Amino acid sequence: MRLMKSAKQAPLTIDNLTVAYQNKPVLRDIGFEIPEGKLIGIVGPNGAGKSTLIKAALGLIPRVTGSVSIYGKPYTGQRKLVGYVPQRESVDWDFPISALDVVMMGRYGHLGWFKRPGAKERHIAMESLEKVGMTDFAERQISQLSGGQQQRIFLARALAQDAMLYFMDEPFVGVDAATEKAIITLLNELKKQGKTVLVVHHDLATVKEYFDWVMLLNVQLMGIGPTSEIFTKDNLQQTYGGRLTLLSRDDDAIIVSTR
């Protein structure tokens, strides 16, 4: 899908993106442009390419075709503007490092890899830990933290980076209700600051509550735009097919389950 470019540079523009594993397309001909200051849920069935989309945008996996622009420029020149929270399961939590050290890693893009973080970076990191309610755990080894606490630490690292565009891959998975509430409060604060956040999300029942924009993805882009316009029964059925159960029959669909 190719798209017309707007005059103002968007936080994220993807054009004609195709990604394949062993010659099998995982994403096919994806194209869209995200306006600034939106909280965007990326939803779709398992294997739809949601995490792959983020990794391709960040250059973590190769692309068959397509381009990705961050505020009109390639990602390699815009790293300081981008924050990334990966899936918690993809991280080696046994690595001997403290929560504070993890958060200070978010400052390396501003310092450069060969300059040691100082008092300023420590202050920013502690402020970020405070925002996610984790200051008491600053010196705790990450292996000693619960799943929800580990997720909060990664969010604090992203905050310390002070990015303009954030990618978050399933931040709500495996966390308790208090952590989920803390995460969505934090995401809304970022949006109020004019920052743009894309979140891979599985709980369809909370999409309308959490996100003002939604992207429906199933290898191809099935729809993207304001949640009130895109998150409809017809679009969901087209995206999920027989793996979707709806409680209501109108477009104001309440999700019961996916299979």
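Computed from a predicted structure; not experimentally measured.

K.L.:
Account for the packing of helix α4 (residues 119-131) against helix α5 (residues 147-161), naming residues and giving values.
P.N.:
Taken N-terminus to C-terminus, the directions of α4 and α5 make an angle of 135 degrees; their axes are 8 Å apart at the nearest point. One way to sum up the angle between α4 and α5 is to call them oblique. Crossing of α4 over α5 shows right-handed handedness. Residues Ile124, Ser128, Leu129 and Lys131 of α4 form the contact with α5, whose own contacting residues are Ile153, Ala156, Leu159 and Ala160. Across the contact of α4 with α5, the residue classes break down as six nonpolar, one polar and one charged.

K.L.:
Please set out the sheet that holds strand β1 (residues 12-21) residue by residue, giving values where relevant.
P.N.:
Across the sheet, which stays open at both edges, the four strands sit in the order β2-β1-β4-β5 with antiparallel pairing between neighbours. The open sheet has two edge strands, β2 (24-34) and β5 (73-74), and neither has a second partner. One ladder, built from seven bridges, connects β1 with β2; its direction is antiparallel. From the neighbouring strand, Ile14 faces β2, where its bridge partner is Phe32. Running at roughly 115 degrees to β1, helix α1 (residues 50-57) makes contact with β1, β2 and β4 (65-70) of the sheet.

K.L.:
Run through the sheet that holds strand β7 (residues 165-169), naming residues and quoting values.
P.N.:
Adjacent strands of a sheet form backbone hydrogen bonds with each other and so pair up, either parallel or antiparallel. Strand order in the open sheet formed by six strands is β6-β7-β8-β3-β9-β10, and the pairing between neighbours is mixed. Sheet topology places β6 (82-85) and β10 (220-226) at the edges, where each strand pairs with a single neighbour. Neighbour-to-neighbour, the strand axes of the sheet open up by a mean angle of 15 degrees, direction not taken into account. Contacts from α5 reach β6 and β7, with the element oriented near 175 degrees to β6.

Thresholds, definitions, all that
- One numbering rule holds for all chains: residues counted from 1, following each sequence as written.
- With pLDDT at 70 or above as the cut-off, local features in this predicted model cover only qualifying residues; side-chain atom pairs require 80 or more to be listed or tallied, and sums for whole chains, interfaces and linings still use all residues.
- To get the side-chain values, all heavy atoms of the structure are used, and hydrogens and water are removed first.
- Between N-to-C directions, angles span 0 to 180 degrees; the directions come from axes that are lines fitted to C-alpha atoms, helices contributing only their stretch in contact.
- The secondary structure listing takes helices from DSSP runs of H or I that are at least 4 residues long and strands from runs of E that are at least 2 residues long, numbered from the N terminus.
- Here is the rule for angles: anything less than 35 degrees is roughly parallel, anything more than 145 is roughly antiparallel, 65 through 115 is roughly perpendicular, and the remaining ranges are oblique.
- Handedness of a crossing follows from how the near helix is turned relative to the far one, being left-handed for an anticlockwise turn of less than a right angle and right-handed for a clockwise one.
- Whether two residues are in contact is decided by their heavy atoms: any pair within 4.5 Å suffices.
- Here the nonpolar group is Ala, Val, Leu, Ile, Met, Phe, Trp, Tyr, Cys and Pro; Asp, Glu, Lys and Arg are the charged ones; every other residue, Gly included, is treated as polar.
- Strands are labelled as partners when DSSP assigns at least two bridges between them.

Everything listed is a geometric property; what it means functionally is a separate question.
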